[in-house]
Amino acid sequence: MQITGQLALTVLMGIFLVGVAAWLARVENWRSYTPLASGGGGAHGTGHAEKPSGVIRWLTTVDHKDIGILYGFFGIISFVVGGLMVLGMRIELFDPGATLISESFYNSLLTNHGITMLFLFGTPIIAAFSNYFVPLLIDADDMAFPRINAIAFWLLPPGALLIWAGFLPLGDIVPAQTAWTLYTPLAAGVGNGNQANAGVDLLILGLHLTGVSATMGAINFIATIITERAEEVTWANLDIFSWTILTQSGLILFAFPLLGSALVMLLLDRNLGTTFFAVEGGGPMLWQHLFWFFGHPEVYILVLPPMGLVSYILPRFSGRRLFGFKFVVYSTLAIGVLSFGVWAHHMFTTGMDPRLRASFMAVSLAIAIPSAVKTFNWITTMWNGKLELTTPMLFCIGFVANFIVGGVTGVFNASIPVDLILHDTYYVVGHFHYVIMGAIAFALFAGMYYWFPIYTGRMYQRRLGKWHFWLTMIGTNLTFFSMLILGYAGMPRRYATYLPQFSTLHQLTSVGALILAAGTIIWAYNFATSWIEGPKVQDGDPWNLEETGMHTAEWEWFDRKIETAVTDGGEEESVVADGGGERDDA
Amino acid sequence: MSTEDAHDDHGHHLPAVEDWPRGFGEASWWPFITALGAGGIYLGAALFIVASGQDSTISPALAPAALVGSVAVFLVGLYGWLYHAFVSAFWSREASETSGKALRWGMIAFLGSEVATFGGGFAYYFFIRTGAWPPQSLPHLLGSLVVVNTLLLIASSVTLHWAHVALRNGNRRNFLIGLVATLVLGVIFIGGQVLEYYEFIVHSQFTVTSGIFGSAFYGLTGLHGLHVSLGAVLLGIVFVRSLAGQYSAERHVSVTTVSMYWHFVDAVWIFLVVVLYAGAQLGA
Ligand code: HEM
Ligand SMILES: [Cu+2]
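Residues numbered from 1 in each chain as written. Chains lettered and ligands numbered in written order. Predicted model: local features only at pLDDT ≥ 70, side-chain atom pairs only at ≥ 80, totals over all residues.

## Here's the deal with the overall build of chain B
The cut-off we apply is this: In this text, helices come from DSSP runs of H or I with a minimum length of four residues, and strands from runs of E with a minimum of two, each type numbered from the N-terminal end. Think of it this way: build a C-beta for each residue from its backbone, and any pair within 7 Å is a contact.
A tally of regular secondary structure across chain B gives seven helices and zero strands. Along chain B, helices (α) and strands (β) appear in the sequence α-α-α-α-α-α-α when read from the amino end. Along the longest, intermediate and shortest principal axes, the C-alpha atoms of chain B span 70 × 55 × 45 Å. Within chain B, contacts between residues at least 6 apart in sequence are counted, and of these 74% link residues at least 24 apart.

Set out below in structure tokens:
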């Protein structure tokens, strides 16, 4: 039975890889373009190219925009891989028994789904946006350290390879089954299970490598935003997206290296017989403290930049400036600081000191306040605004809605007596997926649609964009609301099987997941075909932002680029932006 | 967000004009090669672990080969990188205020991340200190070796600072003398650490697996030792570059950043001696 599941996944992966290869073959034919719109560079106009052509351009590039695109592709590939993993799990969960795949294979999928989505999709896809846009928004030549930028990206593919290596047919290696939290003693390989297997070591090494990559990126962003801003870009008028990236980088700076140390200690425990997390040494509690000291900031590492994206994009389609800009910045900084003081709310049921527990509860409730400040700012921005329900705007609104559910369920979790009942149930899974899928992924989709014209020079298909949004919105709420109810009903998380009384809700969850998959396929089709043959964007203002006085630096840059671009002879119909004609059906 | 009207045209600087492949402004092979090497090192470590499994079918020679090869690739990448980014056009490059500031901020941020890296190890030590102490018979920690080593390291910070001041005053000779002195002190320190390990492991039978203090001791001193070694390599690079005539009173960014790193590692050592060497005797 397990073989069937593995076979199915292998085939899907195979198809997927063929797609990637096909894309790469296309890349080979891409012409190298001249990215200089401002025309100040000495090399300009002398027939001297900035970049080699073909694949070599992508392997050697130190241009922040190209690296952003590489991050984007890497993130999307990971999203597909992680998505296939979870589809395997959800299909297995259609019925109570372990029918399609074995329990241990289910555990492996569970572990790798979480790690793939957080470390190989979440962090990199955010870096895709920040690399592409932060230098443009602050009017810098490039990142402060363009080569470090490139190496930070190129460490990711080997990291991913190591993380996924357990699934490859490599002798006696089995993929890790520790869940993404890698709790000891299981993850230390103690006991009679098979987690002493090298698959866990490979995963740990791969995670460490991706952590190094994230830390290098964070250092680069801190140096860039502090020192490379153009003179006109002061702290007072720094845009909101760059603010969130700066805060996020500060969090990465302290969270990821600590995880790195903890991972190395775990590796030593497994292979050299040290006692860092052994019962006589630090024990499981030390692992949990270290892990969550990283883990909680990590969730804000993932959510802050998407909040920045929404704060940036939502006002463009509300016809008004962001309400209370300053307070959005302050709340970002407040979250950044507070997020290091709440980690033990993941450990309420461990039997830790009750006085400590109470103080962690207090700080956890407090962190909901700056989060709520932002929510109210988004709502008041839209209030009485001239809303244009373009696809990016829909995703922004979806973000706000889902984030409210995610945040409120978080507050319930943060309250000790409630959490003692809900901990380790599907309620927790529902909570964080409302934030991670319902909010973070939504904001990222908003960003992808909003800036699609900038990085492809073309416009996506509007109707498909709407389909994608509505399927994703319905799928998300069906899937994760069912999970919340499952949690209330007492369904524990991380099991391949369940009692028959949970069947209906589990089936609803699985249907929701399939709807999400359908939406994602539409999105992939839309982006792929539009990139290749979508209508070309003719001017630097496809969203008609000038009308409302909301034109920003990156679009000006884009405008200059279009003007100076060498026309390649293609004559394609000009584009009606997603917004323009649609105010009526709003 | 009023970055709106702030963008008039200004000169755009290409990041990689002097590089390989030649003739482009935004292309460099070095990051890719370096990442290949770094990834290979992790892969080599993975192969080691896989090959040591009970019924592994992987040839035991594979892991060392992969490791050696990867380290070589990694070093070649780093060399090319440093050469093209910093060394080759050292004098012709404009000594821009921003690039120096960026490098200094980069180092500050990196040191911030180092606090967290060390934090993990110290957290373990503090964690076990909440239990009964001593958990085992401790080796003789506070000998003359530690005292001498500590003094050496402090002295090396002083000499490095002195060298830096000399450079800024345009006194090249003293700069070189100070640099050599720092390097020598650093290397002696590393030697002292090796000697201490030797004493503990061979004569006191105190190894990394000797109980819960062994993990703390070797984990923290090992991590610190790696950092000192890296510092010595960095100092070596600065030294070679200065022998080749680079640096002046105006151009000394890498001397600044390497000094920051060295002082930081020095400070960590002092903390470590107080907490781990002296602190372990406390309550014992
Ligand atoms: C409004 C503020 C938030 C509060 C008060 C909050 C509170 C909590 C609490 C108390 C738990 C532990 C539940 C348990 O295991 O019993 C939890 C779990 C979790 N939260 Fe939140 N949360 C908030 C926002 C977020 C955000 C913004 C994210 C994601 C970006 C997030 C992601 C997670 C994750 C991933 C877990 C589960 C980790 C695991 O056990 O695997 N939370 N949250
Ligand atoms: Cu948390």
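## Side note on the overall build of chain A
Condition: Any residue whose C-beta has 12 or fewer other C-beta atoms within 10 Å is treated as exposed, any with 20 or more as buried, and any in between as partly exposed, C-beta atoms being built from the backbone.
Counting its regular elements, chain A contains 17 helices and zero strands. Burial analysis of chain A (586 residues in total) assigns 56% to the buried set. Sequence separation of at least 24 residues holds for 83% of the intrachain contacts in chain A that already meet a minimum separation of 6.

## Describing the interface of chain B and chain A
Basically, it comes down to this: Three categories are distinguished: nonpolar for Ala, Val, Leu, Ile, Met, Phe, Trp, Tyr, Cys and Pro, charged for Asp, Glu, Lys and Arg, and polar for the others, with Gly belonging to the last.
Of the residues lining the interface, 65 residues belong to chain B; the matching set on chain A comes to 74 residues. If you list the elements that add at least two residues to the side of chain B that touches chain A, you get α1 (30-51), α2 (62-87), α3 (97-129) and α6 (211-243) of chain B. If you tally residues by element for the side of chain B that touches chain A, the top one is α3(B), at 18 residues. Here the side of chain B that touches chain A is composed, by residue class, of 34 nonpolar, 26 polar and five charged.

## Points about the environment of Gln538(A)
Structurally, Gln538(A) is set in the loop between α16 (503-533) and α17 (553-564). Sequence separation of Gln538(A) and Thr332(A) is 206 residues, and the distance between their C-alpha atoms is 36 Å.

## With respect to α6(B)
Note the following rule: Under the convention used throughout, the expected extent of a helix is 1.5 Å for every residue step, that is, one less than its residue count.
Look at α6(B): 47 Å from first C-alpha to last across 33 residues, which is about the 48 Å you get at 1.5 Å a residue. Taken from the residues just after α6(B), Gly245(B) is the one with a positive phi, measuring 95°.

## A closer look at the site of ligand 1
Residues and elements named next belong to chain A. Just so we agree on the cut-off: Nearness here is judged by the C-beta atom: place it from the backbone, and if it falls within 6 Å of a molecule or strand, the residue counts as near that partner.
Lining the immediate environment of ligand 1, one finds 23 residues, of which Val299, Gly410, Asn413, His423 and Phe432 sit closest. Those elements that provide at least two residues to the shell around ligand 1 are α9 (283-313), α11 (354-382), α12 (391-414), α13 (416-422) and α14 (426-456). Grouping the constituent residues of the shell around ligand 1 by class yields 12 nonpolar, 10 polar and one charged.

## Examining the nonpolar core
Keep this limit in mind: The term nonpolar core refers to a group of buried residues, namely Ala, Val, Leu, Ile, Met, Phe, Trp, Tyr and Cys, whose C-beta atoms join them within 7 Å. Residue ranges for the domains originate in an automatic or database domain assignment.
If you look at the biggest cluster of nonpolar residues, it comprises 244 residues, and the most contacted ones within it are Leu266(A), Val310(A), Phe395(A), Ala443(A), Ala446(A) and Ala46(B). Per-element accounting of this core gives the leading share, 20 residues, to helix α4 (residues 103-137) of chain A. Each of domain 1 (12-89) and domain 2 (95-281) of chain B gives at least three residues to this core. Excluding its chain neighbours within four sequence positions, the residues that come into contact with Phe395(A) are Phe442(A), Ala443(A), Phe445(A), Ala446(A), Tyr449(A) and Phe469(A).

## A closer look at the domain arrangement of chain B
Along its sequence, chain B is carved into domain 1 (12-89) and domain 2 (95-281). Using only C-alpha atoms to locate each centre, domain 1 of chain B and domain 2 of chain B end up separated by 26 Å.

## Things to note about the environment of Leu59(A)
Residue and element names in this part refer to chain A. The topology assignment puts leucine 59 in helix α2 (residues 55-60). By C-beta crowding, leucine 59 is classed as partly exposed, having 17 other C-beta atoms within 10 Å. Sequence separation of leucine 59 and valine 81 is 22 residues, and the distance between their C-alpha atoms is 23 Å.

## Describing the packing of helix α6 (residues 156-164) of chain A against helix α7 (residues 198-227) of chain A
All names here are of chain A. Quick note on the threshold: Lines fitted to C-alpha atoms define the axes here, with helix axes fitted over just the stretch in contact, and angles between the N-to-C directions of these axes take values from 0 to 180 degrees. Reported orientations rely on four angle classes, namely roughly parallel under 35 degrees, roughly antiparallel over 145, roughly perpendicular from 65 to 115, and oblique for the rest. Crossing handedness: left-handed means the near helix sits turned counterclockwise from the far one by under a right angle, and right-handed means the same turn made clockwise.
Running from N to C, α6 and α7 point in directions that differ by 160°, and their axes come no closer than 7 Å. Classified by the angle between their axes, α6 and α7 sit roughly antiparallel to one another. α6 and α7 meet at a crossing whose hand is left-handed. Taking contact as the criterion, the partners of Leu156, Pro158, Gly159, Ala160, Leu162 and Ile163 in α6 are, on α7, Leu202, Leu203, Leu205, Gly206, Leu207, Leu209, Thr210 and Ser213. A breakdown of the residues in the contact of α6 with α7 according to their chemical character gives 10 nonpolar, four polar and no charged.

## With respect to unusual backbone geometry
Cis geometry is adopted by the peptide bond preceding Pro185(A), which originates at Thr184(A) and carries an omega value of 5°. When you line up the elements, Pro185(A) lands in the loop between α6 and α7. With an omega dihedral of -5°, the bond running from Trp133(B) to Pro134(B) counts as a cis peptide bond. Positioned with a positive phi, Asn384(A) is a non-glycine residue whose angle comes to about 60°. With respect to the element layout, Asn384(A) can be found in the loop between α11 and α12.

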